[in-house]
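Notes for the structure review
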Amino acid sequence: MLKRLLFVFVALALLAQVIRPAKNSAATSEGPDSLAERLQAPPQVRQVLATACYDCHSNRTRYPWYAEIQPSGWFLAYHVKQGKEALNLSTFGRLGARTQAKRLRYMVDEMTEREMPLKSYTLMHRDAVLTDEQIRTFTDWAEPIITRLGRD
């Protein structure tokens, strides 16, 4: 009985490897981050975005090796889908000025409260753990832009 259960489990695990989610690697005319391009972010801000935001909040995700193993690939696909629904930096330039201001405010608040990047992401991506200085750099850059965009 135990051998039969083990066989069924192994068979299901192998079958699961065949069912793979689509990869998030769509090419867009705006590039991976139209926020940084449109708002002329300095290199330090671009670095914060690249290490802490792009994988879940753009159309180009860098996939780790474990994304090829199911069900972790499904888990990642679900989180990327949710992240892009909340904020997609690849399509930021398509938003109106006030919506851009709101999204930037959201980003500042999430970073300041250390809600983003998610703990589940930073466990495997230690470079995405933002320092106080990185958060301050992003916030100092974003605050005047939020004010300006909110008036447009």
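Bear in mind the structure is a predicted one, so any value in this text is a computation, not a measurement.

1. Concerning the nonpolar core
- Membership of the largest hydrophobic core comes to 28 residues, with the highest contact counts inside it found for Leu35, Leu49, Leu104, Met107, Phe138 and Trp141.
- Of all the secondary-structure elements, those providing two or more residues to this core are α2 (34-38), α3 (43-52), α6 (97-112) and α8 (132-151).
- Looking at which element gives the most residues to this core, the answer is α8, with 7 residues.
- Those residues within four positions of Met107 in sequence are excluded, and the remaining contacts are Leu35, Leu49, Cys53, Leu87, Leu89 and Phe138.

2. Section: the state of the cysteines
- Going through the model one piece at a time under the given rule, you end up with 0 disulfides.
- The cysteine Cys56 is free of any disulfide, with Cys53 supplying the nearest cysteine sulfur at 9.2 Å.

3. Concerning the packing of aromatic side chains
- One pass over the full model with this rule turns up 2 aromatic pairs.
- With 5.6 Å between their ring centres and 90° between their planes, Trp65 and Tyr66 make a pair best called edge-to-face.
- When its relative accessible area of 63% is taken as the criterion, Trp65 is described as exposed.

4. Here we look at the environment of Ser72
- Examined against the element boundaries, Ser72 turns out to sit in helix α5 (residues 72-86).
- For Ser72, the contacting residues outside a window of four places in its chain are Tyr66 and Ala67.

5. Let's talk about α6
- Helix length check: α6, at 16 residues, gives a terminal C-alpha distance of 22 Å against a target of 22 Å (1.5 Å per residue), a fit within 8%.
- Within α6, the full set of buried residues consists of Gln100, Ala101, Leu104, Met107, Val108, Glu110 and Met111.
- Taken together, the buried residues of α6 touch α2, α3 and α8.
- At the exit of α6 stands Arg114, carrying a positive phi of roughly 60°.

About the cut-offs
- Residues numbered from 1 in each chain as written.
- Predicted model: local features only at pLDDT ≥ 70, side-chain atom pairs only at ≥ 80, totals over all residues.
- Heavy atoms only, no water.
- Core = buried A, V, L, I, M, F, W, Y, C linked by side-chain atoms within 4.5 Å.
- Buried < 20%, exposed > 50% of the residue type's maximum accessible area, 1.4 Å probe, protein only.
- Helix = DSSP H or I, 4+ residues; strand = E, 2+ residues; numbered from the N terminus.
- Contact = heavy atoms within 4.5 Å.
- Disulfide = S-S within 2.5 Å.
- Phe/Tyr/Trp six-rings, centres within 6.5 Å; stacked < 30°, edge-to-face > 60°.
- Expected span 1.5 Å × (residues − 1).

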